[in-house]
Amino acid sequence: MELCQWWRHIVVFLIHAWIPSCFAQTTPPVRSSPTPTPQAVEGPETLKFRLSGFPRKHNEGRIEVFYKGEWGTICDDDFSLANAHVLCRQLGFVSATGWTHSAKYGKGTGKIWLDNVQCSGSERSVSVCKSRGWGNSDCTHDEDAGVICKDERLPGYMDSNVIEVQVDENKVEEVRLRPVFTIATKRMPVTEGVVEVKNKEGWAQICDNGWTPKNSRVVCGMMGFPHEKKVNKNFYKHLRKRSSEAKSKVKVTAARQEPKTSTKPKPGKSAAAKRLYAERQKNHFLVHSVACLGTEVHLAACPLEFNYDNATESCPGGMPAVVSCVPGPLYAQSTAMRKKLKMPSTMRLKGGAKYGEGRVEVLKGSEWGTICDDHWNLLSASVLCRELGFGSAKEALTGARMGQGLGPIHMNEVQCTGHERSLWNCRYKNITAEDCKHTEDASVRCNVPYMGYEKTVRLSGGRSQYEGRVEVRVGQRWGSVCSEGWTTKEAMVACRQLGLGFSMHAITETWYWDGSNVTEMVMSGVKCTGDEMSLSQCQHHRTVNCQKAAARFSAGVICSETASDLVLNATLVQQTTYIEDRPLHMLYCAAEEDCLSKSAAKANWPYGHRRLLRFSSQIHNIGRADFRPKAGRHSWVWHACHGHYHSMDIFTHYDLMSANGTKVAEGHKASFCLEDTDCDEGVSKRYECANFGEQGITVGCWDLYRHDIDCQWIDITDVKPGNYILQVVINPNFEVAESDFTNNAMKCNCKYDGHRIWVHNCHIGDAFSEEAEKKFEKYPGQLNNQIS
C-alpha cells in the first residue's frame, strides 16, 4: 500500500513538474570561447592559440596563447619562420609562409607569455621549444609577433565551433533551453524552455525579474532561431504552483514513511528515486539580472549580475526565465509553418559543408554576386544569418574562407547595427573593380538548431574518424547500408549528417576495412537528392532488398572538411564559339574517342566532312581542395593518338538542345587529361599530364581546352536551322565530390540558320535569378560567329 502511494505521488510529480532539470538535455552545449578552465593542467595538449589583430585575413594575425587562465602574446625577439611553422600547425594550418614583428597587427593586452622562442620547426608544440620560460620577458606589446599561415588546413582538422566574443569564461560557459515536459524533449528542434547557464559549479537558472524580449532574442539566436516570441507566463506560473503543491505532498508522505530511528533512506529503487527527486527540486539562480541590447551573439556578452550568496532564494517574486523561439523555414515542425516561413530570395550561402555556413552571395538586379570582407563582422553576419532563417552568427569569416565566388562583387564595407531585418538595410558601399577581388569574399557560420541527426548514424571499420562503413538506427539496432546505387550524393548526406564535411569518396566495397564488428544490413535502395539533412529523409526500401548482401558490399564513405568546386568560364565560351567544316581524314582520332555523332560511322571515309560547333573551355577550381580524378594511375587509359593518359571516363558533356529541352546533338570528353594550364597570382601549378604526371586541378588554377583541339566541339552535321540551347556540364555523373554542384552547368542561347551561328547570354546555371532564367529564351542575340 505504501509503495502504491509513493508511486502515485511520483506520477503527480511527472505530470505537473516545473523544474526542467527533471529531463534529459536536449540541446547541445554552445561554447562561448576556446578557453580552458584555469584549473586545467598546462601542457602542449591544453594550450590554446588564436590569431588576433586588425586588419588581417583568417590565416594571419597577432599570435596569442592561452596559458594559466589568461590570453597573452609572444615577443618577436629571436622569432623565426621555424617558430611560425610550429604555431601555424597548432592553429590547424599545414605550415607558415611568413611572420611579422613590431606588432604589425596591433598591440595585444595582458601577459607576454613567451620571449626568445627558438624552435627547429619540427616540434609538436611551441611549449617544447627553447625560450626564457612562461611569463619571463623583457618586452613590451610593441614587439608582439605575428604569423602568416598557408591557407591550407591539416588533414582531418575541424574548424572550431567557437563564438569569438570576449567574455568572462569563468561565469557563463554554456547556455541551453530545457523543455518542461518529457514529450517536448522528443520533438526536434526544442523551441521553448527554461534558460539554463553553466559555469564551473554546474547548471543553474536565470531569474526572470526584468527579463526582456531583447534577452530572449539573444538566447534564440544562440540556439539557431531567427526570432523570439512571447511566452505565456501565466501558464508557467500555474504550472509552478501545482508543482510546489505536489512537492510538499511528496515531502509529507516521505516523512511519514521514513522510520524515526533511521537517518538514512532504505536501500533500493525507492530510496534512490527519493534522493534524485530531492536533488532535482532545487532551484539555483546563478544570474538575477540580464540586460542585453538584442544584438549580442552570446548571452555572456550581455551585462549580467550574478548571485553568490543564498542563490536558491535570490529571485523574490520571480521564477526561472523561459524563452520561446520561432524556427526558420528549414526547421519548422509542420508543413503549414514551412510554407508560411519562406526563405529569402535575395540572399544565399554557397560552398559550405553544413547547413548555415558558406560564402555569402546576394542578388542585385537579376545577377548573383558576393560581398567584400572589408569590415565584415559578427553584427553584420548575424543580420544575414537571421534573414536566412538561422540564428545569430557563430563566426564572420574573411579571405574567401568558403571558396571564391564568380561574377560581380555587389557590396563592400557592410556595416550593420544588428537590428536590421535585411542585409540590404545596412550601410554599405558599392564596389569598383579596384576595391576588391574574389580572394576577399566574405563567409559566415551561423548558429543552427540542434536536431540530433548525428546520433542516428555512425562509421565503423575505418582507419580514421573520417572514413568507414556507414551504419544507421533502425528500430533498436545498428546495421549497415546496402551499397547498390550508393553514389556521391548519398555519401554527401551521410558525411553532412555526421558533421564531417563533404564526401570525398562513395565506397561500394569495404572489404579492406576492419571487419571484426560487421553488422547486418538494415537499409537498402537509398536514393538522395543530396540536400537532405539525414539519410532517413532520403528514399529507401521499406524492407531490405539487396542483391549483394555480403559484408564487403556495405556502403562506406571517406569524408573531408573541404572539397573542390569546378566552374566553367561562360564568357570565354561565348567569345570563342564558331563553326568549322572539318575533313573526315583529319578526324580519325576523334572518331576513335567517340567524339562524332552516330551518322559519322556511315560516312564515306576519308572523303567528306563534318560540321563542328567549336568553342574553348576554361574550367576553374574555385573550391577549397584540389580536384583529383577518382581513379588511380593503375586504371588510367593510354590514348596513343593524342599521346596522353585519360584519367576519367566522362568529365564534361556538351549538348545542343531544342527550346523544349530535347537533345539534338551532343559532344563529350570521353576521358580527360586534367592539368593546371594556368593559375591565379601566387598559386603554383601542381598537375601536368606529360610524362605520366599527376593529374588534377589545383585550387586557384584552371584547365584550358582550346577551341582548336580534338573533341572540343559538338558535331552538328545533322542539325537543322533553328533556335537552340548550348549546354556544357562539368563532372556530370558527380564522379568526384564538389562543394557545389549547382554551378557545374553552363547555358547559352543559340540561333543557327544553316550557315552561321549566333551565341549569346552564356551564363552559369545559378548565376541569375529565377525570373531571369524564365526569360532565358527571350534575350536578343548578336551576330558574332561565322563558318570558318
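Keep in mind that this is a model prediction, so the values were computed, not measured.

What counts as what
Residues numbered from 1 in each chain as written. Predicted model: local features only at pLDDT ≥ 70, side-chain atom pairs only at ≥ 80, totals over all residues. Heavy atoms only, no water. Pairing = 2+ DSSP bridges. Helix = DSSP H or I, 4+ residues; strand = E, 2+ residues; numbered from the N terminus. pLDDT = per-residue confidence, 0-100. Contact = heavy atoms within 4.5 Å. Core = buried A, V, L, I, M, F, W, Y, C linked by side-chain atoms within 4.5 Å. Buried < 20%, exposed > 50% of the residue type's maximum accessible area, 1.4 Å probe, protein only. Phe/Tyr/Trp six-rings, centres within 6.5 Å; stacked < 30°, edge-to-face > 60°. Lys NZ or Arg CZ within 6 Å of the ring centre and 35° of its normal.

S.K.: Please set out the sheet that holds strand β36 (residues 701-705) residue by residue, giving values where relevant.
M.R.: The antiparallel open sheet is built from four strands, whose spatial order is β27-β30-β36-β35. Edge strands, defined here as strands with exactly one partner in the open sheet, are β27 (566-568) and β35 (678-679). One ladder, built from two bridges, connects β35 with β36; its direction is antiparallel. Paired with Asp 678 across the two strands is Trp 702, which belongs to β36.

S.K.: Describe in detail the confidence of the model for the protein, supporting the description with residues and values.
M.R.: When pLDDT is low, close inspection of the predicted coordinates is not appropriate. The pLDDT averaged across the protein works out to 81; a share of 81% of its residues lies at or above 70. Per-element averaging of pLDDT across the protein places helix α5 (residues 269-280) at the bottom with 38 and helix α3 (residues 213-222) at the top with 96. Segment residues 779-788: pLDDT under 50, and 32 contacts once partners within four positions in sequence are set aside and those in other chains are kept.

S.K.: Give me the nonpolar core: which residues, what numbers.
M.R.: Core analysis: the largest hydrophobic core is formed by 37 residues, its most contacted members being Phe 651, Leu 656, Ile 714, Ile 716, Leu 726 and Met 746. Counting only elements with at least two residues in this core, the list comes to β27, α9 (570-576), β33 (652-658), β38 (722-730), β39 (745-752) and β40 (757-764). Residues contacting Leu 656, with those up to four places away along its chain left out, are Leu 613, Thr 662, Lys 663, Val 664, Ala 665, Ile 714, Ile 716, Val 719, Tyr 724, Ile 725, Leu 726 and Cys 750. Counting residues in each nonpolar core, the second largest holds 26 residues, with Val 195, Trp 211, Val 218 and Phe 225 among its members.

S.K.: Can you tell me about the packing of aromatic side chains, naming the residues and giving the values?
M.R.: Throughout the structure, instances matching the rule amount to 14 aromatic pairs. Seen from their ring centres, Tyr 331 and Phe 390 are 6.4 Å apart, and the 70° between their planes marks the pair as edge-to-face. In this pair, Tyr 331 is assigned in the loop between β13 (322-326) and α6 (335-340) and Phe 390 in the loop between α7 (378-387) and β17 (393-397), connecting sequence segments 59 residues apart. This pair shows no difference in class: Tyr 331 is buried, exactly as Phe 390 is. One cation-aromatic arrangement involves Arg 176 over Trp 203; the distance from NZ or CZ to the ring centre is 3.6 Å.

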